[in-house]
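Single-letter residue listing:
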Amino acid sequence: MLSWIQHRWTALWLLFAAYGSLFLFMYGFFPLKYHSGKISHMDDLPNFINSVSIDGHEVYNSGENSVILMVIDGLRYDFATEEYMPFTGQLLKNKSACIYVSVAEPPTVTMPRIKAMMTGSVSTFADVALNFGAPAVRGDSVLRAAKSRGRRAVMYGDDTWLRLFPGMWNDSDGTTSFFVTDYTEVDNNVTRHLDKVLAPDENKKPSFDFLVLHYLGLDHIGHLEGARSAKIKPKLLEMDDVVKKIYTGMRTWHRSGILIICGDHGMRDAGGHGGASAAEVLVPLVVVKSDNFVCPHPSGPGPTVAQVDVAPTIAWLLNAPIPGDSTGRILPSLMPSDVQQHLYLLHVLAAHNAQQSPPADTEFFQQFKRAEVQFAHFLTTGQQSAAKIAKEFYDESLEDLAKYHTETTTDFDLFAIGIAIFMLYILTGALLCVTLFSFQQDPQRNTSVVRQHRSQASTIVAFAVIFFLVSTTLLISCFISETKSRFCSFNPFWTICFIAASLGIAAAYFIIKAAIERTKDLSALRELNAIDYLLIIGTLFHAWSFFGTSFIEEEHMTWYFFWNTLMFFVLVRTIVVVVMYFTKKWSGATEFQDKLDLENRMSSVGVSIVPQWVLLIALHRYLRTMNQTGDRWLFLPDTADWLNAPENSFYLEAHLVIGTVLTLGVCLWNVRHMNNFMQIHSALTVAATGCVFLYRIATSALQTRYTFLKSYDPVNIVDVFWGILTFQVLFELAIYVGMFAQCGLKPKFAYTKPKAKSEDHFYDEMDEPWNIEEVKLSLATSLSHIMYNDLMLIIVLLMRPHNVIMVPSVYFTCVLTSKCLDHKLLDSRSRRTEVVDVMSQALVHLWIGVLFYFYQGNSNSLASVDLGSGYVGLREYSEFPVALRMGLHAYAGPALAGARLFCALAAAPAASWTQYLQSVWRVINIFALQRVYQLVVYCVIATIFRHHLFVWTVFSPKLLYDFVATVFSIQALSTIGNIILITHMTSWLARLVTYKTTL
């Protein structure tokens, strides 16, 4: 197993295994909600109330109704006012309509909210992951019940409805919900059907029984420009005109028309949603009827109802049975005035909820039985006092039943969770051992010669034995625990998972064993200084801070504190070094050693390091004010709000231009590491930056006197941009392969023979002493800087204008911090500092990446995800490109900091190919260890607090963010692996081209 711990990519494979373990954990923590299988029928209506006969079908009948459900995506409660929607506001003022405060349970994204409104049951948090796929609902729903009764359903708008309920529509026209840059046509495609669908037939009846209109424009404006955008009010006025059109149309029918206007979720001021803030979960629900309707509630904000109440309300209005898994109630303003029918509906709802397996000894179940007795007494005697008591008992039991069902919707798979945590724990141990092994000064030599010659057969046998023991232990655990976990179901898929888990645990065991046996010399860690310990302790403590929910919601404050502490420590240490330098220099130090030490410590940074560091502190203080994030202080105004105000557009454009120009300057500075033959790389970099400016002009983010530039197609501009970046990489590879050698072109880095053949040395043609490793290092350096340049330009293209300044800020922070953390500067006695330098650089770049992640306005709430970045340069929705753009935009800070670190490793002075590979190996080990360590700690915390009040609003979103961060960590480290692989492939191709042409 020696090769396992010496292999450069062992950590990456262990990170893949940790990703699989996290997937298993999330499966156990976010189980998919399986429907009960109960399909409701009209025959289920009770015909006896405590042995008293009643005609259920006749009493349940609501008459002939046509129901219109108008869903305005992103409509939050404070938008439903007379200021934004005057006609609707006038209806509410005249009591011709009723408004309710509808509570949308987290996660506040579209698909779970639609399911809640149509099935009447609360969705699980796993629906967040399924929001983009929207698999068909297999359980009971209003649409299935209505179809069984022969009702005609029509849908126009968000095509999520079509994917959730296929085959349920008599007519439909879906529009994609994820192309957020369109907020005009997406609504016009819905409104254009209204004239036809609202027109009555010859009997003065509409052509539908149930009509769904789902408007997306408001939500898309929110994602692009926020809830305070100037485009919000015109869009709400447009929606108000639709309400007026529908109301006018309903009054021409000879049938009762009911219009229900609601939002599926709200939105934060920044425009996002998915979290649990009041602006996201509180949405208006307005009820409008066409015939003689007077709202029974007093004027004001209206009573609070649950979003799941929409399902039983619509089902009853359509004379269809209540969906089998529904836990909702009928909206109060639509309940009949007839006492018997009113009580019967309450009884149907309570009996329906009580049948979903609540304990019979609970107080709310007993309350239901008492209500049933009083209702029966009313049916036999007609006493109004009995009806009043029955209504009170029914209301109390329904309220408590709803709470019970909401709290018991999640069934954790604790066996799968336990296995996943154990795997993450042992993988963390394996990564720690591999990392410590790599910290040895020369890990290749610190191995026992005897052990190296252990036969391969014995190793395979030993691994098979451990694998058998692990598998047997897991198998016995499945049977002893009598778990119902699917992990132990042993169907084909889960059998593969079972075997993979056993293999992962066995491999981790052997890695730990081999690393412990061969880790002999960790003397390099003696060079750790105070700042190194600060980085290590801060990284370790950060994961454990999540035991407090506030530390999750306000995680940025932890990182701000860590970074301020680090900057203060570095400032003090740097001032001490500079003062010592000048003191000894002015005092006339005569000893040669003193002079040499002083010059060595100051040669790399210079005496200007202190004012530079002070300026960096000032820059970070400004960047910290750019975007408010977290939860507690999110409502406070920030610099981005000020910049995005219309009257401050000049300063916003200045931020955009300065940030882009500085990025161009950094890119041109990095070109010196490339084969900049005939300044081609410089020209391509300038051209790519020009595309960025053209895109900003075409999208009106940047104003210019040359108006013809605004007519350019943004999608075509972005396509040209991608072409330039691709050509840049191919051009560099072609130079290194030697394709231009025959043209007489001499690139900067070329294959040469440092020594010629002699009579004493004979070389095979393919083994001659070419400078292959030197050119490999040059190519890795070049590709790393091309990757970094391309990454910066792409992120500048994706960023909001006010955030563009952060791209060059990451570079300046990384460069200056790297200089200040140099052990030769801070520690006069440091000698062999390669290991501690790599470790401190890796950790501080991790810190910088996370710091800028929060500077950008990200948080642990789903509402902070910027969907608009996913559609830059796209004409239509496409899952993979959108996901890549959104992910790169969200994790721009970590990506830029990590890329800068790998560039520094390749361009290090006096670095060799072997030293570069050694440094890359150590950094990858550290990155993988930090990611898996944070995962295992947080999974333990999430498991402990799985019944916490904020488990779905605080702990669960953070778990999803960790999942995505793990995916992008794998992708980032794999990219470095691809760069090294390309260098080997290019070297092989050069053998076929360069060698032969120069013989």
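Identification of the chain as GPI ethanolamine phosphate transferase 2 isoform X2 from Bicyclus anynana is taken from an unreviewed UniProt entry.

**Some details on the overall build of the chain**
What the chain contains, in helices and strands, is 38 helices and 10 strands. Taking all 999 residues of the chain together, 56% fall into the buried category. Here the contacts in the chain between residues at least 6 apart in sequence split such that 79% fall between residues at least 24 apart. For the chain, the accessible area works out to roughly 42600 Å², and carbon and sulfur atoms hold 61% of it.

**Details of the sheet that holds strand E9 (residues 282–289)**
A sheet is described by the order of its strands in space; here eight strands give the open sequence E6-E5-E7-E3-E8-E9-E4-E10, paired in mixed fashion. Edge strands, defined here as strands with exactly one partner in the open sheet, are strand E6 (171–175) and strand E10 (304–306). Recorded for the sheet is a direction-independent mean angle of 20° between the axes of neighbouring strands. With five bridges joining them, strand E8 (residues 256–262) and E9 adopt antiparallel strand pairing. Within E9, the residue paired with Ile261 across the bridge is Val286. Packed on one face of the sheet, helix H12 (residues 232–250) meets strand E3 (65–72), strand E7 (210–215), E8 and E9 and runs near 180° to E3.

**What to know about the side chain of Lys235**
Tracing the sequence through the fold places Lys235 in helix H12. A distance of 2.8 Å separates the side chain of Lys235 from the backbone oxygen of Tyr183, its partner in a polar contact. Sequence-distant contacts of Lys235, defined by excluding residues within four places in its chain, comprise Tyr183, Asp187, Gly217, Leu218 and Ile221.

**Brief notes about helix H2 (residues 10–29)**
Count 3.6 residues to each turn of an α-helix, and residues three or four apart come out pointing the same way. Along its 20 residues, H2 runs 28 Å from first to last C-alpha, staying within 8% of the 28 Å computed at 1.5 Å per residue. Most of H2 sits out of view: 14 of its 20 residues are buried.

**Observations regarding the pattern of salt bridges**
The full count for this structure, using the stated rule, is 23 salt bridges. A single network of salt bridges, built from pairs that share partners, joins Glu64, Lys205, Asp209 and Arg255.

**Things to note about a nonpolar patch on the surface**
The grouping of Phe568, Phe569, Val572, Val576 and Met580 at the surface amounts to a nonpolar patch, some 420 Å² of accessible area in total. Assessed through its relative accessible area of 41%, Val576 is described here as partly exposed.

**Brief notes about the pairing of E8**
Among the seven residues that make up E8, seven are buried, leaving the element largely enclosed by the rest of the structure. Every second residue of E8 is oriented toward a common face, with Ser256, Ile258, Ile260 and Cys262 on one face and Gly257, Leu259 and Ile261 on the other, all of them buried. Here E3 pairs with E8 via seven bridges, running parallel. Residue Leu69 lies in a different strand from E8, and its bridge partner there is Ile260.

**Focus: H12**
With 19 residues, H12 should cover 27 Å at 1.5 Å per step; its first-to-last C-alpha distance of 27 Å lies within 8% of that length. Turning to H12, its buried residues number three or more, namely Ile232, Lys235, Leu236, Met239, Asp240, Val242, Val243, Ile246, Tyr247, Gly249 and Met250.

**A look at the pairing of E9**
For E9, the buried fraction is high: six of the eight residues fall into the buried class. Sheet topology places strand E4 (residues 97–103) next to E9; seven bridges connect them, and they run antiparallel. In the sheet register, Val103 faces E9, and the bridge partner there is Leu282.

**Considering a negative patch on the surface**
There is a patch of like negative charges on the surface, built from Glu392, Glu396, Glu399 and Asp400. Among the secondary structure elements, Glu396 is positioned in helix H17 (residues 384–407).

**Concerning the environment of Asp291**
Take Asp291: it is sitting in the loop between E9 and E10. C-alpha of Asp291 to C-alpha of Ile258: the two residues are 33 residues apart in sequence and 9.0 Å apart in space.

**Quick look at the packing of aromatic side chains**
Per the stated rule, a full pass over the model turns up 51 aromatic pairs. Centre to centre, the rings of Phe487 and Phe498 are 5.7 Å apart; their planes meet at 40°, and the pair counts as tilted. Residue Phe487 is located in the loop between helix H20 (456–481) and helix H21 (492–518), and its partner Phe498 is located in helix H21; the two are separated by 11 residues in the primary sequence. Neither Phe487 nor Phe498 differs from the other in exposure class; each is buried. Seen in terms of ring centroids, Tyr853 and Phe854 are 5.0 Å apart; in terms of plane orientation they differ by 85°. Their pairing is edge-to-face. When sorted by exposure, Tyr853 lands in the same class as Phe854, which is buried.

**Section: the confidence of the model for the chain**
Where the model shows low pLDDT, its predicted coordinates should not be examined in detail. Across the chain, the average pLDDT comes to 86, with 87% of residues at or above 70. Here residues 448–453 is modelled with pLDDT under 50, and outside its nearest four sequence neighbours on either side it reaches four contacts, counting other chains as well. Here residues 755–768 is modelled with pLDDT under 50, and outside its nearest four sequence neighbours on either side it reaches 12 contacts, counting other chains as well.

**What about the state of the cysteines?**
In a disulfide, the sulfur atoms of two cysteines are held together by a covalent bond. Tallied over the entire structure, the rule returns two disulfides. Across the disulfide from Cys98 sits Cys295; the S-S distance is 1.9 Å. Between Cys98 and Cys295, the S-S torsion sits near 120°, and that sign places the bridge as right-handed. Here the residue Cys98 occupies a position in strand E4, and Cys295 occupies one in the loop between E9 and E10, the gap between them amounting to 197 residues. The class of Cys295 is buried, set by a relative accessible area of 8%. Across the disulfide, Cys478 is cross-linked to Cys488 (sulfur-sulfur distance 1.9 Å). Note on the Cys478 and Cys488 pair: the S-S dihedral is about -65°, so by sign convention the disulfide is left-handed. With Cys478 in helix H20 and Cys488 in the loop between H20 and H21, this pair connects stretches of sequence that are 10 residues apart. In this structure, Cys478 and Cys488 share a single accessibility class: buried.

What counts, and at which threshold
Residues numbered from 1 in each chain as written. Predicted model: local features only at pLDDT ≥ 70, side-chain atom pairs only at ≥ 80, totals over all residues. Heavy atoms only, no water. Helix = DSSP H or I, 4+ residues; strand = E, 2+ residues; numbered from the N terminus. Buried < 20%, exposed > 50% of the residue type's maximum accessible area, 1.4 Å probe, protein only. Contact = heavy atoms within 4.5 Å. Areas by Shrake-Rupley, 256 points an atom, 1.4 Å probe, with all protein chains shown as cover. Pairing = 2+ DSSP bridges. Axes fitted to C-alpha atoms, helices over the stretch in contact; angles between N-to-C directions. Polar contact = N/O pair within 3.5 Å; in protein donor to acceptor, adjacent residues only side chain to side chain. Expected span 1.5 Å × (residues − 1). Salt bridge = Lys/Arg side-chain N within 4 Å of Asp/Glu carboxyl O. Patch = residues over 30% accessible without salt bridge, like charges linked within 9 Å, V, L, I, M, F, W, Y side chains within 5 Å. Lys, Arg positive; Asp, Glu negative; His and termini not counted. Charge placed at Lys NZ, Arg CZ, Asp CG, Glu CD. Phe/Tyr/Trp six-rings, centres within 6.5 Å; stacked < 30°, edge-to-face > 60°. pLDDT = per-residue confidence, 0-100. Disulfide = S-S within 2.5 Å.

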